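Architecture at a glance
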Amino acid sequence: MDMRTANLSIIGAGFLLALASQPAGAENQMLEEITVRAEKEAANEETLSIREVRESPARDVGEALSQLEGLSFVRKGAIANDVVLRGLQRDNINVLVDGVRLHGACPSRMDPPSFHYDFAEIERVRVIRGPYDLSNPGGLGGTIDVETKRPGKGAGGALNATYGSWNDAAASATAWYGAERYDGLLGYAYKYSDVPESGNGKRLTEIYPATSPNRYRASAVDSKAYEINSGWLKFGVNPSEHARSEIAYSYQDADHVLYPYLKMDADYDDTHRLNWNYRVREVSPLVRELYLQGYWDRVRHLMDDRLRASSQTSPRFYSMQSDATTQVYGAKLKSTLAAGPGTLVTGVDYYNRNWEVINQRAGYFAYRPTAIVPDVSVDNEGLFAEYELPLGEKVTLKGGVRADLTQIEAGKGNTLVSAGKSRDFTTVSANLQLTYTPVKGIDLFTGLARGNRTPDPQELFLDVPVTTLSAASNYWHGNPGLRSTVNNQADLGLKYSNERLYVKGALFYSDLEDYINFAPVAGSFEKSYQNVHATIWGAELGSQIALGYDLYLRGTLSYQEGENETGNRPLAEMPPLRGSVSIRYDDGKLFVEAVENLAREQDRVDPALQETTTAGWATTDLKGGYKFGGLSLIAGVNNLLDKQYYSHLSYARDPFQSGVRVPETGRFCYVTAEYAF
């Protein structure tokens, strides 16, 4: 029995044993979700619930978030999709876990932050659009904060198993116990998939022409796409009625992850996450809450081209390999104070990130080890204050400021920089938000914000040297002279709701000073990073309506348009006009839903990066389920008509790109069983 079969068998046995004691009863969540979105979500925020995640066949958070307006993802393979928010990605947005800063180790984003946790850990995902989160540094385009589950009262747990096309399998088990003074939770999850096929019946590993050195070897074309084991635990203590302390640890082991989007694949990713916090409420009439947090995480990532034709004639089993490690530790102290008629939130925080990538290539001095990311350390110290003031019953004013001091230093040298090279940055962020509620159920929102983010270690100090410069050499290097990017943004939003209807619309405009853009270096065979002036504007519309007779209608629509003002051309990697419409029958026990997903052609492309037009597309998804007590059964099919299509963001622009677009997956059938007790 192989490891995959053993893991699924253990969880499956626990699943069958738990069914013997299932209780009856069910309740409809749809009207409750409309109420929650109407009453608890700010106009510039959105929440993805675990119910929405579990009903979809999404393999990671990046793919799951694409259900929300204004969010999309970059597909590199079957998993590890990178989140895009309002056309901004990478370090232009913050992706956090319980407020913890987590970074991937791969320079080509094989392992984005959203890859390093499992759905079974998650309670919900909170999205803040725009630079309105002052409690964390960076995030000039927005913040995505994944909130993990807390133990419930008494003894309980959940078992989940999914099986789909291409032997896609996911299983998880979570158990908890909660008493008055203490509680604990532990969980385990397993994921596996063979290589998916696109709508034309070809595997994603078969997208290359027979002459391409990046094509997969015959022995690897039908290999597994990924195999991932994750485990986590959380322990909490309540020393008093108003105080709580929690400590949580998680470990993820990902093996043999294929990335047709790039020239290499991951041999392994090992991720450790440790988070501790202490919260005390009602300290005094002045101090409403104190919060202290400390955290540490580390990612080890090894990638090479052993599965590609490029390594077939190499002296070693690979022709190129990168061994990458990144580590983050940090702390935060935050207080919530009753200050006059309003509420004042103040805090200080610190984090350190270290990042090192050692690359070896047969074509560069016979595998000479090269520190392409030269052991770079980032030290960031920040302080922030935010005040919320009600101006009568209908108007709320909220504003704040944040200041950061950042030092970035190379611990080693490479062909671009010498050891000890450093840059210092001082940034100031601020925002002002006004919410007006003329009548119950209508909220008008307007905001002005200034957000910042410093260049990351890769953009400053990365160097992938070549022996000879040529058109085919792809010399990729950083720019030690980069300046911080500043986003001056304006937002206007409207939210309307009643007990059966929820509608939210938003407009935004971003003026990006010193936007960090990757582009060819004029007059050379090099590619590097440069500061440019850019603008992005866009709009979003989302709605959810209870039609009666247990029918619900939902729709989303979003558009972003970016312009490289310096180069007088479109900004690269902008999602096209996208939308979805769904109709759902849901009586609290039985549901059936049909979804139509649509995207317009994207013809606003950057010719300097050889970006090309992407055709529009439309796909149909169907799903249905039944709930009886703690047991839920779901079955569905995505891309019902097996369409062959591409996301515009399947285009990669760093020199490790494969040069071939990765199509979206074809018809995908799946079944999910979940039991909560």
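For clarity, every value in this text was computed on a predicted model and none was experimentally measured.

Our focus in this paragraph is the overall build of the protein. From N to C terminus, the protein includes 5 helices and 33 strands. In summary, the protein has a C-alpha radius of gyration of 25 Å against a globular reference of 26 Å for 677 residues, a match within 12%. Summarising its shape, the C-alpha atoms of the protein cover approximately 65 × 60 × 50 Å along the three principal directions. Taking all 677 residues of the protein together, 58% fall into the buried category. Contacts in the protein between residues far apart in sequence, at least 24 positions, make up 67% of those at least 6 positions apart. Put simply, the protein shows about 26500 Å² of open surface, and 57% of that area lies on carbon and sulfur atoms. Taking the 69 positively charged and 85 negatively charged side chains of the protein as two groups, their mean positions are separated by 1 Å.

Let's shift gears to the side chain of Ser223. By secondary structure assignment, the location of Ser223 is in the loop between strand 11 (182–194) and strand 12 (224–240). Ser223 gets classed as buried once you look at its relative accessible area, which sits at 14%. Only 2.9 Å separates the side chain of Ser223 from the backbone oxygen of Ala220, close enough to count as a polar contact. For Ser223, the residues in contact, after removing those within four places along its chain, are Asp194, Val195, His256 and Leu258.

Strand order in the open sheet formed by 3 strands is 2-3-4, and the pairing between neighbours is antiparallel. Single-partner strands in this sheet number two, and they are strand 2 (71–74) and strand 4 (88–89). The pairing of strand 2 with strand 3 (residues 82–85) spans 4 bridges and is classified as antiparallel. Paired with Leu71 across the strands is Leu85, a residue of strand 3.

Moving on, we come to the environment of Glu593. Here Glu593 is to be found in strand 30 (residues 590–599). Given a relative accessible area of 10%, Glu593 falls into the buried group. Linking Glu593 and Lys623, residues 30 residues apart in sequence, is a C-alpha distance of 5.4 Å. A distance of 3.5 Å separates the side chain of Glu593 from the side chain of Ser582, its partner in a polar contact. In this structure the side chain of Glu593 is engaged in a polar contact, spanning 2.6 Å, whose partner is the side chain of Arg584.

The next subject is the environment of Tyr177. Here Tyr177 lies in strand 10 (residues 168–178). You can call Tyr177 partly exposed: its relative accessible area is 44%. Taking the C-alpha atoms as reference, Tyr177 lies 39 Å from Lys504; in sequence the two are 327 residues apart. In this structure, Tyr177 is in contact with Pro151, Gly152, Gly154, Ala155, Tyr182, Asp183 and Gly184, ignoring residues within four places of it in sequence.

Here we come to the sheet that holds strand 1 (residues 45–49). Reading across the sheet, the 5 strands line up as 1-7-8-5-6 and stay open at both edges, with mixed pairing between neighbours. Strand pairing shows two members of the sheet lacking a second neighbour, strand 1 and strand 6 (100–101), which therefore form its edges. In this sheet, strand 8 (residues 142–148) lies alongside strand 5 (residues 94–97) in parallel orientation, the contact comprising 4 bridges. Its bridge partner lying in strand 8, Asn94 is registered against Thr143.

Among the 5 residues that make up strand 1, 5 are buried, leaving the element largely enclosed by the rest of the structure. Here strand 1 shows two buried faces, one formed by Glu45, Thr47 and Ser49 and the other by Glu46 and Leu48. Pairing of strand 1 with strand 7 (residues 122–129), which is carried by 5 bridges, proceeds in the antiparallel orientation. Bridging from a neighbouring strand, Ser49 pairs with Arg124 of strand 7.

Right, let's get into the side chain of Thr672. Mapping Thr672 onto the fold places it in strand 33 (residues 668–676). By relative accessible area, Thr672 is classed as buried at 7%. Those residues within four positions of Thr672 in sequence are excluded, and the remaining contacts are Arg54, Asn160, Ala161, Thr162, Ser632, Leu633 and Ile634.

For the rest of this paragraph, the subject is the nonpolar core. Side chains of a nonpolar character, in soluble globular proteins, are inclined to be buried together. Counting 58 residues, the largest nonpolar core has Leu65, Leu71, Tyr117, Ile122 and Ile144 as the members making the most contacts within it. Looking at this core, the element that brings in the most residues is strand 25 (residues 501–520), giving 5 residues. One finds Val84, Met110, Met264 and Ala266 within the second-largest nonpolar core, a separate group that totals 31 residues.

Attention now goes to the confidence of the model for the protein. Scored by pLDDT, the protein has a mean of 89; 92% of the residues are at 70 or more. Low pLDDT (under 50) marks residues 5–27, which in the prediction has 41 contacts with non-local residues, meaning those over four places away or in another chain.

Another aspect to go through is the packing of aromatic side chains. This model, assessed by the stated rule, comprises 14 aromatic pairs. With a centroid separation of 4.9 Å and 80° between ring planes, the pair formed by Phe317 and Tyr318 is classed as edge-to-face. Judged by relative accessible area, Phe317 falls into the partly exposed class, the value being 47%. Ring geometry for Tyr364 and Phe365: centres 4.9 Å apart, planes at 80°, overall edge-to-face. These aromatic residues form a ring-pair network of at least three members: Trp166, Phe668 and Tyr670. Directly above the aromatic system of Tyr351 lies the positively charged group of Arg101, at a separation of 4.6 Å from the ring centroid. If you follow Arg308 out to its NZ or CZ, it ends over the ring of Tyr216, 4.1 Å from the centre.

With that out of the way, let us pick up the pattern of salt bridges. Side chains carrying opposite charge are able to pair once their charged atoms draw close together. According to the stated counting rule, one finds 42 salt bridges in the structure shown. Notably, a salt bridge pairs Glu46 with Lys504, separated by 3.3 Å at the nearest N-O pair. A residue pair is termed long-range when its members are at least 10 positions apart, and Glu46 in strand 1 and Lys504 in strand 25 qualify at 458 residues. When sorted by exposure, Glu46 lands in the same class as Lys504, which is buried. Across the pair Glu664 and Arg75 runs a salt bridge whose closest N-O atoms are separated by 2.8 Å. Residue Glu664 is found in the loop between strand 32 (631–638) and strand 33, and its partner Arg75 is found in the loop between strand 2 and strand 3; the two are separated by 589 residues along the sequence. The structure contains a network of salt bridges with shared partners spanning Glu46, Arg86, Arg129, Asp491, Lys504 and Glu540.

The rules behind the values
- Residues numbered from 1 in each chain as written.
- Predicted model: local features only at pLDDT ≥ 70, side-chain atom pairs only at ≥ 80, totals over all residues.
- Heavy atoms only, no water.
- Helix = DSSP H or I, 4+ residues; strand = E, 2+ residues; numbered from the N terminus.
- Rg over C-alpha atoms; globule rule 2.2 N^0.38 Å.
- Buried < 20%, exposed > 50% of the residue type's maximum accessible area, 1.4 Å probe, protein only.
- Contact = heavy atoms within 4.5 Å.
- Areas by Shrake-Rupley, 256 points an atom, 1.4 Å probe, with all protein chains shown as cover.
- Lys, Arg positive; Asp, Glu negative; His and termini not counted.
- Charge placed at Lys NZ, Arg CZ, Asp CG, Glu CD.
- Polar contact = N/O pair within 3.5 Å; in protein donor to acceptor, adjacent residues only side chain to side chain.
- Pairing = 2+ DSSP bridges.
- Core = buried A, V, L, I, M, F, W, Y, C linked by side-chain atoms within 4.5 Å.
- pLDDT = per-residue confidence, 0-100.
- Phe/Tyr/Trp six-rings, centres within 6.5 Å; stacked < 30°, edge-to-face > 60°.
- Lys NZ or Arg CZ within 6 Å of the ring centre and 35° of its normal.
- Salt bridge = Lys/Arg side-chain N within 4 Å of Asp/Glu carboxyl O.

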